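Examining the three-dimensional arrangement
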Amino acid sequence: MSQVTMSSPGMERSIHEMLKDAPSLNESDAAVHSGTPPPHVPNNNRSKESQPATRPATMNLSLGTYTSQSLTTTPSSPVQNGDAAAMRAAQSKIETIKNWSISTYKCTKQRVYETFGKTSRTIDSELETQIELLRDTQKKYCNLLRLSRALASHFHNVVTTQHQLGEAFSELAQKSPELQEEFLYNAETQRNLTKNGETLLGALNFFVSSVNTLCNKTIEDTLLTVRQYETARIEYDAYRTDLEALAQAAKADGNNVARLEEAQQSYELHKQNFEKLRSDVSIKLKFLDENRIKVMHKQLLLFHNAVSAYFSGNQTALEATLKQFNIKVKSPNSSLPSWLEQ
């Protein structure tokens, strides 16, 4: 059987021409990415003369540029800057929560240990005595305020009833000629009592308002600073205890130097806050005591003079007492102001 050979000069020339006309690998890749179709490779199985003059089919790859360019962002793009800012904000929040958790744990531990007597606490005997005295004073003044409000409320009902009773007497005097004189006497008496009662009621309301301001605003403002001071004292003792424990550990192995320095800084910050609040409490207690004495001196004098003048029937002295303290008497049948309005 004869063997057919394919090494004819014409065939070798066609293969060389095909390789020569074919695009390189780099050009083909660039054509794909740029959307330009690769050049048409002729079919060497036919002669150039027998090839039809038709345009070869091409594939539109223009979308290839989206993948290579649109997803590439520069380091200063707004998207990356926004992500960096959000990352910093998230890290700041995490750090804040971490510090709060550590501080809360230390303070809770300090409270428990103080309760069971397992640790020491900073004590300012003089200041704590003043604070306890202030709390006891507020408790007693609140009781005085409760009783004064009850008295003012009951007396308001008495004055209202006296006013209604005077009107009833006056009406009956017109309808009962045989008892007209007696009814008129009682009607006049009740009208005078009502007028004097409204004057006394104005003094009582003024007294209640002043004591309420003293108890629920002035004293409470000082007690708010006291509570902040007590919280700062617990934080100070907690970080002081932690610093002492780390100092002992550092003496033993010498490997906690960094933690010891950090604990020292935290201790100094809490110490400054504690000393500042202690000074604020001392100043507020001093000014509060002076203000309390001044206010109560005026209010007790008003209460005594008004009540004495009313029950002794001295209308002139009662009116003079209200003028002395610049108190305005409300119109008849006016309702007693609520504690919210006071």
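This text gives an overview of the structure that appears in the document. (Residues numbered from 1 in each chain as written. Predicted model: local features only at pLDDT ≥ 70, side-chain atom pairs only at ≥ 80, totals over all residues. Heavy atoms only, no water.)

**With respect to the nonpolar core**
General note: in soluble globular proteins, nonpolar side chains tend to be found buried as a group. Counting residues in hydrophobic clusters, the biggest one holds 41 residues, and the most contacted among them are Ile131, Phe155, Tyr229 and Val281. No other element matches the 17 residues that helix α6 (residues 180–253) contributes to this core. Beyond its immediate stretch of four places on either side in the chain, phenylalanine 155 contacts Gly197, Leu200, Leu201, Leu204 and Tyr310. (Core = buried A, V, L, I, M, F, W, Y, C linked by side-chain atoms within 4.5 Å. Buried < 20%, exposed > 50% of the residue type's maximum accessible area, 1.4 Å probe, protein only. Helix = DSSP H or I, 4+ residues; strand = E, 2+ residues; numbered from the N terminus. Contact = heavy atoms within 4.5 Å.)

**A few points about the packing of helix α7 (residues 257–311) against helix α8 (residues 315–324)**
Where α7 meets α8, the closest approach of the two axes is 8 Å, and the angle between their N-to-C directions is 160°. In terms of axis orientation, α7 runs roughly antiparallel to α8. Both α7 and α8 take part in a crossing whose hand is left-handed. Between α7 and α8, the residues in contact are Leu301, Leu302, Asn305, Ala306, Ala309 and Tyr310 and Ala317, Leu318, Thr321 and Gln324, respectively. Across the contact of α7 with α8, the residue classes tally to seven nonpolar, three polar and no charged. (Axes fitted to C-alpha atoms, helices over the stretch in contact; angles between N-to-C directions. Parallel < 35°, antiparallel > 145°, perpendicular 65-115°, else oblique. Left-handed = near helix turned anticlockwise from the far one by under 90°. Nonpolar A, V, L, I, M, F, W, Y, C, P; charged D, E, K, R; others polar.)

**Regarding the state of the cysteines**
Inspection of the entire model under this criterion finds zero disulfides. Here cysteine 215 stays free of any disulfide, with the sulfur of cysteine 142 as its closest cysteine sulfur at 4.3 Å. (Disulfide = S-S within 2.5 Å.)

**Looking at unusual backbone geometry**
One non-glycine residue, asparagine 326, lies in positive phi territory at about 55°. With respect to the helices and strands, the residue asparagine 326 is situated in the segment after α8.

**Let's talk about the pattern of salt bridges**
On inspection of all chains with the given rule, the structure shows 13 salt bridges. With a shortest N-O distance of 3.2 Å, glutamate 230 and arginine 135 are connected by a salt bridge. Linking glutamate 230 in helix α6 with arginine 135 in helix α5 (residues 125–175), this pair joins segments that are 95 residues apart in sequence. The partner of lysine 140 in a salt bridge is aspartate 136, and the shortest N-O contact between them spans 3.3 Å. You can see lysine 140 and its partner aspartate 136 sitting in helix α5, four residues apart, about one turn around the helix. Accessibility expressed as a relative area gives 54% for lysine 140, which makes it exposed. Looking at aspartate 136, the relative accessible area reads 33%, which means it is partly exposed. In this structure, a network of salt bridges that share partners links the residues Arg233, Asp237, Arg240 and Glu244. (Salt bridge = Lys/Arg side-chain N within 4 Å of Asp/Glu carboxyl O.)

**Details of the packing of α5 against α7**
Direction vectors running N to C along α5 and α7 enclose 25°, while the axes themselves pass 12 Å from each other. Taken together, α5 and α7 sit at an angle that is classed as roughly parallel. Crossing geometry of α5 relative to α7 is assigned as left-handed. On α7, the residues that touch Leu127, Gln130, Ile131, Leu134, Thr137, Tyr141, Leu144, Leu151, Phe155 and Gln162 of α5 are Arg278, Val281, Ser282, Leu285, Leu288, Arg292, Met296, Phe303 and Tyr310. Of the residues that constitute the contact of α5 with α7, the class distribution is 13 nonpolar, four polar and two charged.

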